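Structural features, examined
Now for the letters of each chain:
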Amino acid sequence: LGDYKGLKVEKQVFEISDSDVNAELEVMRGRYAKMEEVEEGTLENGDVALFDFAGYVDDVAFPGGSAEDYSLEIGSGSFIPGFEEQMVGMVSGEEKDINVEFPAEYHAEELAGKPAVFKVTLKGIKRKKVADLDDDFARDVSEFDTLDELKEDLRKKMQKSSDEMSQGSMRMDLLEKAAENADVEVPEVMISAKIDSYVKELENRLRQQGVDLNMYLQMSGMDLDKIREEYRPQAASQVKIDLMLEAVASAESLAASEEDITSEVERLAVMYGQEPDNMRKFFESQGTLEHISGGIRLEKAVALIEEHADVTEVPGVRAE
């Protein structure tokens, strides 16, 4: 271990402005917008297109290149570059050939870098209709009676979220500095395991959105090896931090008390809607109480590093 106490770090502090609140209200308008069929008019960015398509390379259909009644938000960037842009301006019932080129690093080698033609039939257009920002909107989307009350609640929640993000960012800076000060040899097997966990998280997020990982790879032009390689720097950094925290916990004789474990089990029980006793029995049967205890131990190491840090608050600078 190197120095892990008295580390100097800056913490950015942001103040939520009226424009921030208004921007969040616009997001809410979009979230609660109603989708309406467009009987007349052309397909625009932001519209949802319902269409059939069939893809061809050298006049030969390729596997996975066709679908019927496919729904796509135009401008989402979900398809191969150039596909959605060429759909803009189409009308319902129109057939069109869309010419694109697969990315050079496309995961399917037989398609990589090749030009393709997608025969598209637009079957329908849906467009969001957003509500006016007024008291009625506030009552429809929240427990508040007025728009002003909704705005004030949003401001408080956004400020809390901003403060938590600033704290989290500052904490990560501290941990990275402490890890840099430590002499750590990171085993490749641990990096690989961490990458596996990141890929699993990605699969779970996609599954929640109703998307299969293979479909995501197909439509994004990515491959699993490339995704794993992109995760590598993050995984290596996190493993180094974990090993540093283990060393700090040992050096400081940190441990999870029975009270700590009980409190964490109760927190998880509330999260999953279970009785604490049943939740504890489940963890005991699965042999995961030791894992919970280890997590608490590392959290205490984080808290110790944070407690002894030299923190300077500075006005936050928002990324453009």
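Model, not experiment: these values are computed from the prediction.

1. Examining the overall build of the protein
When helices and strands are counted, the protein shows 10 helices and 7 strands. What you see for the protein is a C-alpha radius of gyration of 26 Å, clearly larger than the 20 Å of a compact globule of 320 residues, by over 25%. Every one of the 320 residues in the protein was classed for burial, and the buried ones make up 32%. Across the protein, contacts joining residues at least 24 apart in sequence account for 72% of those joining residues at least 6 apart. Looking at the protein as shown, the accessible area adds up to about 19700 Å², and 48% of this sits on carbon and sulfur atoms. With 36 positive and 73 negative side-chain charges, the protein shows a spacing of 2 Å between the two charge centroids.

2. Considering the nonpolar core
Counting 25 residues, the largest nonpolar core has F51, F83, M87, F102, F118, V120 and L122 as the members making the most contacts within it. Those elements that provide at least two residues to this core are β3 (48–57), β4 (60–73), α2 (83–87), β5 (95–101) and β6 (115–129). Per-element tally for this core: the top contributor is β6, with 5 residues. Once residues within four sequence positions are removed from consideration, M87 is found in contact with L43, A49, F51, I74, I98, V120 and L122. Counting residues in hydrophobic clusters, the runner-up holds 21 residues, among them L7, L175, M244 and I305.

3. Observations regarding the packing of aromatic side chains
Inspection of the entire model under this criterion finds 15 aromatic pairs. Taking 6.4 Å as the distance between ring centres and 75 degrees as the angle between the ring planes, the aromatic pair formed by F53 and F83 counts as edge-to-face. Within this pair, whereas F53 is found in strand β3, its partner F83 is found in helix α2, the two being separated by 30 residues in sequence. Relative accessible area serves as the criterion here: at 7%, F53 is assigned to the buried category. Ring pairing ties together the aromatic residues F51, F53, F62, Y70, F79, F83, F102 and F118, which thus form one cluster.

4. Remarks on the packing of helix α8 (residues 258–272) against helix α9 (residues 276–286)
The N-to-C vectors of α8 and α9 enclose an angle of 110 degrees; their axes lie 9 Å apart at closest approach. With respect to each other, α8 and α9 are oriented roughly perpendicular. Between α8 and α9, the residues in contact are E258, I261, T262, V265, E266, L268, A269 and Y272 and P276, M279, R280 and F283, respectively. For the contact of α8 with α9, the per-class residue count stands at 8 nonpolar, 1 polar and 3 charged.

5. Overview of the pattern of salt bridges
One pass over the structure, following the stated rule, counts 22 salt bridges. A salt bridge links R267 to E264; the nearest nitrogen and oxygen atoms lie 2.7 Å apart. You can see R267 and its partner E264 sitting in helix α8, 3 residues apart, about one turn around the helix. R267 gets classed as partly exposed once you look at its relative accessible area, which sits at 42%.

6. Here we look at the pairing of β3
Across the 10 residues of β3, 7 count as buried, placing the element largely inside the fold. What sits between β3 and β4 in their antiparallel hairpin is a turn of 2 residues, with D58 showing a positive phi close to 55 degrees.

7. Section: α8
Along its 15 residues, α8 runs 21 Å from first to last C-alpha, staying within 8% of the 21 Å computed at 1.5 Å per residue. Within α8, the full set of buried residues consists of I261, V265, L268 and A269. For α8, the arc enclosing every buried residue in end-on projection is 105 degrees, short of the 170-degree limit, so these residues lie on one face. Facing away from the buried side of α8 by over 90 degrees, the exposed positions are E259 and V270. Looking at the buried residues of α8, the elements they touch are α9 and α10 (289–307). A positive phi of about 65 degrees marks G273, the residue just after α8.

8. Thoughts on the environment of L111
One can find L111 in the loop between β5 and β6. Here the alpha-carbon distance between L111 and V57, two residues 54 residues apart in the chain, equals 7.9 Å. When near neighbours in sequence (up to four residues on either side) are disregarded, L111 contacts V57, F62, F102 and Y106.

The rules we used
Residues numbered from 1 in each chain as written. Predicted model: local features only at pLDDT ≥ 70, side-chain atom pairs only at ≥ 80, totals over all residues. Heavy atoms only, no water. Helix = DSSP H or I, 4+ residues; strand = E, 2+ residues; numbered from the N terminus. Rg over C-alpha atoms; globule rule 2.2 N^0.38 Å. Buried < 20%, exposed > 50% of the residue type's maximum accessible area, 1.4 Å probe, protein only. Contact = heavy atoms within 4.5 Å. Areas by Shrake-Rupley, 256 points an atom, 1.4 Å probe, with all protein chains shown as cover. Lys, Arg positive; Asp, Glu negative; His and termini not counted. Charge placed at Lys NZ, Arg CZ, Asp CG, Glu CD. Core = buried A, V, L, I, M, F, W, Y, C linked by side-chain atoms within 4.5 Å. Phe/Tyr/Trp six-rings, centres within 6.5 Å; stacked < 30°, edge-to-face > 60°. Axes fitted to C-alpha atoms, helices over the stretch in contact; angles between N-to-C directions. Parallel < 35°, antiparallel > 145°, perpendicular 65-115°, else oblique. Nonpolar A, V, L, I, M, F, W, Y, C, P; charged D, E, K, R; others polar. Salt bridge = Lys/Arg side-chain N within 4 Å of Asp/Glu carboxyl O. Pairing = 2+ DSSP bridges. Expected span 1.5 Å × (residues − 1). Arc of directions from axis to C-beta.

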